[in-house]
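This is what each chain is made of:
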Amino acid sequence: RTRAVSGHPQLAGRRIVLYAPTFRGRGRAKFGRNALDWTLLRSSLPADVALVLKSHPNLDPGGVDAAGFDVVADPGSEMNDWLAAADVLVTDYSSSIFEWALLRRPLVLLVDDLEAYERDPGLYLDYRTEMIGIQVQDTQGVVDALLAASWDIGAYDAFVARRLDACDGHA
């Protein structure tokens, strides 16, 4: 599918769920966030679903909990390659949402700390009213969204028109 997948034969023929959370904190105090119970997630999904972790490139890979993933992407690998390979993106407040919207593929937003994140560091848009995807609060919510697979991709067109209207392919 893409060069990201070419080095990972265990992904061949499987539905790829990419987990790409953003970091918390600032400067040297930055830390990764893994709000998912990967044991529960892995045991709840069929074997044809591959779980891929793409941590933020500004985080120390040694400090990221990678248990339960089929593939842990090199933090320095190109995020857009992984987005092109993925069938579903699970994230929180990552700016990758904007590139993902252009692909018009299913999105699950794990936003259990939305109120705190709105206060610090803050958001550029109102997640409650302007964001695409399915918002969930915990791992069971992610499982339910992935298994239900009832995605409203129709909302993406309006989101792209509001937020990405300059992305017309003629840069």
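In short, a report on the structure.

Conventions adopted
- Residues numbered from 1 in each chain as written.
- Predicted model: local features only at pLDDT ≥ 70, side-chain atom pairs only at ≥ 80, totals over all residues.
- Heavy atoms only, no water.
- Salt bridge = Lys/Arg side-chain N within 4 Å of Asp/Glu carboxyl O.
- Helix = DSSP H or I, 4+ residues; strand = E, 2+ residues; numbered from the N terminus.
- Buried < 20%, exposed > 50% of the residue type's maximum accessible area, 1.4 Å probe, protein only.
- Axes fitted to C-alpha atoms, helices over the stretch in contact; angles between N-to-C directions.
- Parallel < 35°, antiparallel > 145°, perpendicular 65-115°, else oblique.
- Left-handed = near helix turned anticlockwise from the far one by under 90°.
- Contact = heavy atoms within 4.5 Å.
- Nonpolar A, V, L, I, M, F, W, Y, C, P; charged D, E, K, R; others polar.
- Arc of directions from axis to C-beta.
- Phe/Tyr/Trp six-rings, centres within 6.5 Å; stacked < 30°, edge-to-face > 60°.
- Pairing = 2+ DSSP bridges.

### Details of the pattern of salt bridges
Opposite charge on two side chains permits pairing when their charged atoms draw close.
(1) Moving on: Using the criterion set out here, one finds four salt bridges in the structure.
(2) Moving on: A salt bridge links Arg14 to Asp70, with the shortest nitrogen-to-oxygen separation between them at 3.6 Å. Taken together, the positions of Arg14 in the loop between α1 (3-6) and β1 (15-19) and Asp70 in the loop between β2 (49-53) and β3 (71-72) put the pair 56 residues apart, joining distant regions of the chain.
(3) Moving on: Residue Arg14 is classed as buried on the basis of its relative accessible area of 16%.
(4) Moving on: Overall, the relative accessible area of 26% leaves Asp70 in the partly exposed class.
(5) Moving on: Here Arg42 ties to Asp70 by a salt bridge, and the two come within 2.7 Å at their closest N and O atoms. Highlighted residues: Arg42 in helix α2 (residues 38-44) and Asp70 in the loop between β2 and β3, separated in sequence by 28 residues.
(6) Moving on: A residue is classified by how much of its surface remains accessible, and Arg42, at 22% relative accessible area, is partly exposed.

### Some words on the packing of helix α4 (residues 96-103) against helix α8 (residues 155-163)
(1) Moving on: α8 packs onto α4 with a crossing angle of 125° between their chain directions and a minimal axis gap of 9 Å. When the axes of α4 and α8 are compared, the pair comes out oblique. Along this stretch, α4 crosses α8, giving a crossing that reads as left-handed. Here Phe98, Trp100, Ala101 and Leu102 of α4 lie close against α8, whose contacting residues are Tyr156, Phe159, Val160 and Arg163.
(2) Moving on: Split into classes, the residues belonging to the contact of α4 with α8 amount to seven nonpolar, no polar and one charged.

### Details of α8
Residue pairs three or four apart in sequence face the same way in an α-helix, which turns once every 3.6 residues.
(1) Moving on: Within α8, the full set of buried residues consists of Tyr156, Phe159 and Val160. All buried residues of α8 project into a common sector of 100° when viewed along the axis, lining one side.
(2) Moving on: Buried residues in α8 make contact with α4, β5 (107-110) and α6 (127-130).

### Quick notes on the packing of aromatic side chains
The description of an aromatic ring pair uses the distance of the two centres, along with the angle that the planes make with each other.
(1) Moving on: Tallying each qualifying case throughout the model produces three aromatic pairs.
(2) Moving on: Consider the rings of Trp38 and Phe69, whose centres lie 4.0 Å apart with planes at 50°: the pair is tilted. With Trp38 in helix α2 and Phe69 in the loop between β2 and β3, this residue pair connects regions lying 31 residues apart in the sequence. The same class applies to Trp38 and to Phe69, which are both buried.
(3) Moving on: One aromatic cluster is present, formed by Tyr19, Trp38 and Phe69 through successive ring pairs.

### Some points on the sheet that holds β2
(1) Moving on: Across the sheet, which stays open at both edges, the six strands sit in the order β3-β2-β1-β4-β5-β6 with parallel pairing between neighbours. Each edge of the open sheet carries a strand with a single partner, namely β3 and β6 (134-136).
(2) Moving on: Strand contacts of α4: β4 (88-91) and β5, with the helix running at about 160° to β4, the strand carrying the most contacts.
(3) Moving on: Across the face of the sheet, helix α7 (residues 139-148) comes into contact with β1, β4, β5 and β6 while running at roughly 170° to β5.

### So, the pairing of β2
(1) Moving on: Of all five residues making up β2, five are buried, and the element is well covered by its neighbours.
(2) Moving on: Residues Val49, Leu51 and Leu53 of β2 are buried on one face, and the alternating residues Ala50 and Val52, pointing to the opposite face, are buried as well.
(3) Moving on: Two elements, β1 and β2, share five bridges in a ladder whose sense is parallel. Bridge pairing in β2 links Tyr19 to Leu53.
(4) Moving on: Sheet analysis places β2 next to β3, joined by two bridges and oriented parallel. Looking at the pairing, Leu53 lines up with Val72 of β3.

Just distances and angles here, no functional claims.
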